[in-house]
Number of protein chains: 2
Amino acid sequence: MTDPRRTGPHAFTGLSAFPLTPLRDDAVDQAAFAGLVTRLADAGVDSITALGSTGSYAYLSRAERARVSRLAVEHAEGVPVFVGVGGLRTSHVLAHVDDAEAAGAAGVLLAPMTYQPLTDDDVFELFRTVTDRTELPVVVYDNPGTTRFTFTMELYARIAQLPGIASIKIPGVPADPAQARDHVTAIRAATGEHVTIGVSGDGFAATGLNAGCDAWYSVVGGTLPSPALAITRAAREGRAADAVAESARLGPLWNLFAEFGGSLRVVAAIAEHLGLAPHRCLPLPLQGLTDPQRAAVRKVVDELGLGR
Amino acid sequence: MTDPRRTGPHAFTGLSAFPLTPLRDDAVDQAAFAGLVTRLADAGVDSITALGSTGSYAYLSRAERARVSRLAVEHAEGVPVFVGVGGLRTSHVLAHVDDAEAAGAAGVLLAPMTYQPLTDDDVFELFRTVTDRTELPVVVYDNPGTTRFTFTMELYARIAQLPGIASIKIPGVPADPAQARDHVTAIRAATGEHVTIGVSGDGFAATGLNAGCDAWYSVVGGTLPSPALAITRAAREGRAADAVAESARLGPLWNLFAEFGGSLRVVAAIAEHLGLAPHRCLPLPLQGLTDPQRAAVRKVVDELGLGR
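This is a predicted model, so every value here is computed, not measured.

Undergrad: Honestly, the environment of Phe-18 of chain B in this entry has me stumped. Any pointers?
TA: Residues and elements named next belong to chain B. Tracing the backbone shows Phe-18 in the loop between strand E1 (14-17) and strand E2 (23-24). When its relative accessible area of 2% is taken as the criterion, Phe-18 is described as buried. The spatial distance from the C-alpha of Phe-18 to the C-alpha of Gly-55 is 6.8 Å, given a sequence separation of 37 residues. Among residues more than four places away in sequence, those in contact with Phe-18 are Thr-49, Gly-52, Thr-54, Leu-109, Tyr-141, Lys-169, Tyr-217, Ser-218, Val-219 and Gly-222.

Undergrad: Just checking my understanding: could you explain the environment of His-194 of chain A for this structure?
TA: Residue and element names in this part refer to chain A. Tracing the chain through its elements places His-194 in the loop between helix H7 (177-191) and strand E9 (196-199). Taking the C-alpha atoms as reference points, His-194 and Ala-166, 28 residues apart in sequence, are found 6.9 Å from one another. Residue contacts for His-194: discarding those within four places in its chain leaves Ala-160, Ile-165 and Ala-166. Within the structure, the side chain of His-194 is placed 3.0 Å from the backbone oxygen of Ala-160, a separation counted as a polar contact.

Undergrad: Even after reading the chapter, I still don't get empty space enclosed by the protein, so can you show me in this structure?
TA: Which parts of space are left empty comes out when a probe the size of a water molecule is rolled across the atoms. Overall, the coordinates contain four cavities of 30 Å³ or more when judged by the stated rule. The volume enclosed by the largest cavity comes to roughly 40 Å³. The wall of the largest cavity is formed by Leu-88, Met-113, Thr-114 and Tyr-115 of chain A together with Leu-88, Met-113, Thr-114, Thr-146 and Arg-148 of chain B.

Undergrad: Quick question: what am I supposed to make of the relation of the copies chain B and chain A here?
TA: There are two copies of the chain, and a rotation about an axis plus a shift along that axis relates them. If you rotate chain B by 180° and push it 0.0 Å along the axis, it lands on chain A with an RMSD of 0.0 Å. Put plainly, the chains are arranged around a two-fold axis. Among all C-alpha atoms of chain B, that of Arg-148 of chain B lies closest to the rotation axis, at 4.1 Å. Both copies contact each other with a shared surface, as 100% of the interface residues of chain B are interface residues in chain A too.

Undergrad: Explain the UniProt feature "active site" (unreviewed entry) in chain A to me, please; I cannot follow it from the model alone.
TA: Residue and element names in this part refer to chain A. In the numbering used here, UniProt assigns the feature "active site" (unreviewed entry) to Tyr-141 and Lys-169. Judged by maximum C-alpha separation, these annotated positions cover 29 residues in sequence but sit close together in space, the widest gap being only 5.0 Å. Following the sequence through the fold, Tyr-141 ends up in strand E7 (residues 138-141). For Tyr-141, a relative accessible area of 2% corresponds to the buried category.

Undergrad: Hey, could you run me through unusual backbone geometry in this one?
TA: Working note: non-glycine residues mostly have negative phi, and peptide bonds are mostly trans. The residue after Leu-284 of chain A, namely Pro-285 of chain A, is reached through a cis peptide bond having omega 20°. Structurally, the position occupied by Pro-285 of chain A is in the loop between helix H12 (263-273) and helix H13 (291-304). At Arg-280 of chain A, a position not held by glycine, the phi torsion is positive, near 55°. Within the element layout of this structure, Arg-280 of chain A appears in the loop between H12 and H13. Taking relative accessible area as the criterion, Arg-280 of chain A reaches 43% and is therefore assigned partly exposed. Notably, Ser-56 of chain B is not glycine yet its phi reads approximately 55°, a positive angle.

Undergrad: How should the side chain of Asn-143 of chain A be read in this particular structure?
TA: Note on placement: Asn-143 of chain A falls in the loop between E7 and helix H5 (144-147). Excluding its chain neighbours within four sequence positions, the residues that come into contact with Asn-143 of chain A are Ser-53, Arg-148 and Lys-169 of chain A together with Tyr-115 of chain B.

Calculation criteria
- Residues numbered from 1 in each chain as written.
- Chains lettered and ligands numbered in written order.
- Predicted model: local features only at pLDDT ≥ 70, side-chain atom pairs only at ≥ 80, totals over all residues.
- Heavy atoms only, no water.
- Helix = DSSP H or I, 4+ residues; strand = E, 2+ residues; numbered from the N terminus.
- Buried < 20%, exposed > 50% of the residue type's maximum accessible area, 1.4 Å probe, protein only.
- Contact = heavy atoms within 4.5 Å.
- Polar contact = N/O pair within 3.5 Å; in protein donor to acceptor, adjacent residues only side chain to side chain.
- 1 Å grid on protein atoms, 1.4 Å probe; cavity = no way out; pocket = protein on both sides within 12 Å on 5 of 7 lines; lining within 4 Å.
- Points joined across faces, edges and corners; volume = space filled by probe spheres on them.
- Least-squares fit on C-alpha atoms with pLDDT ≥ 70 in both.
- UniProt positions renumbered as here; feature names shortened; annotations may be inferred.

As structure tokens, this is what we get:
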């Protein structure tokens, strides 16, 4: 491992932007990926998470993932880069961890990918094995929509006690602000103050940040960093109403996420529309949006002024 | 592609036994795997499906899967070998198809693995792409417990019209015999007579075969072929009550499957107990059963005389 960039817990706060890993003819479009990373660094995001679910890590080979990790660090202009290291097999996860270290990642993001359903003990041992392997900070990636694994509060607490656990990416918060605050408070009580809590599910971000989440692990922020930064800065500076208002302004975008089967296909269509990624940039079998769906996306992008 | 062994639809009937792919120190235990395959061929199963979910295909590298496919054909003593070719990315699936052909497989089994949820069109295009690539018969592998993809009857019908679709592996049938028959009849109406229907979910096998399923795609049959053959032969020869009686006799085994989170971990523990696989033969992070669970498994194996 070559000189891993160590970071304190402050790195796991604010806006962590998740860029796509665009494909062209079933190969990583390295120029497009580098362009997305540079765009994020220029916008001033707090961190960049390469090879999240948005970055299609689960679909890429080890060599592709190692190359993408290196490209991310090279083009991040000093912004901390976290790298998704998930895999179905523990030994493959460890290989990805080694590659992330070699690339100069500032942390790793680990989701318990499943084929056979996993037990809590399986998942705990996976995290224990990874924290044994690396001194890089680890983000616990709780994303039941893709992994189909459901963390309990008790498992959060067990994993949070492992050395090097820096943050937990939670899938969302209740829509009601008071309930959201109770939820975040309960997680913090379980995990301890040394673990930051990051919200995901972009439509939940303003509520989550206002409820006390330290970070936003953001799909949309990986392609449209400016509005995501506006929400993040407002919430983190105590301007809760401004965060809510900016999120409400983006309501038509959140509606597309709900209507078109999640954020990834919509954000890929936006990146393609804006010339940031080649046409049909997702890995097959993910075909991306249909033409009528893409037209609806373009309309929202134009009406909200997201292309500027 | 080197001389793929072509088979007619008759190959996709009867008992298809799914062997484990045992690991030892995170590498395929080739001798143990060859032993399992030979055991199945000697028992007289109708086909062997290597690299099914039971064979941990989702956890293995391309090289490991190619090697396992070759070993299966080499040790099957002429029994048709089907090979699981699923993967998260279409191009990886095609590589597995090529490797299965090169190994001499008699057919391929394709499950729509998911990380991002797939649409019906995504899955249809995946099957279209695979049937374009190969002349080997294709088994549609409907296993929502692992893939989290749910087939509709309409999608069954669309896919069944593709050239080369030979069989559909369904996840189970209703427990009530009349309802089971209606279900199988409805699937057959959708898919046509050229597609055989194979039940899985071992506890459903007798009901499914008695309800008109042509095949049983069997986890337990990959490790304990004799009782699985007894059920299959009885049902296929019209001795429905005998099939039900033998399945009822194995009730304590089906109860373990339900109690211990599915069939794979239990069957792995049985194979380990019988000396057919090394201890802890599943790929990590799957830890397999706990010691008290293993004791319960041993008790059932002994009481049912499954070790003979």
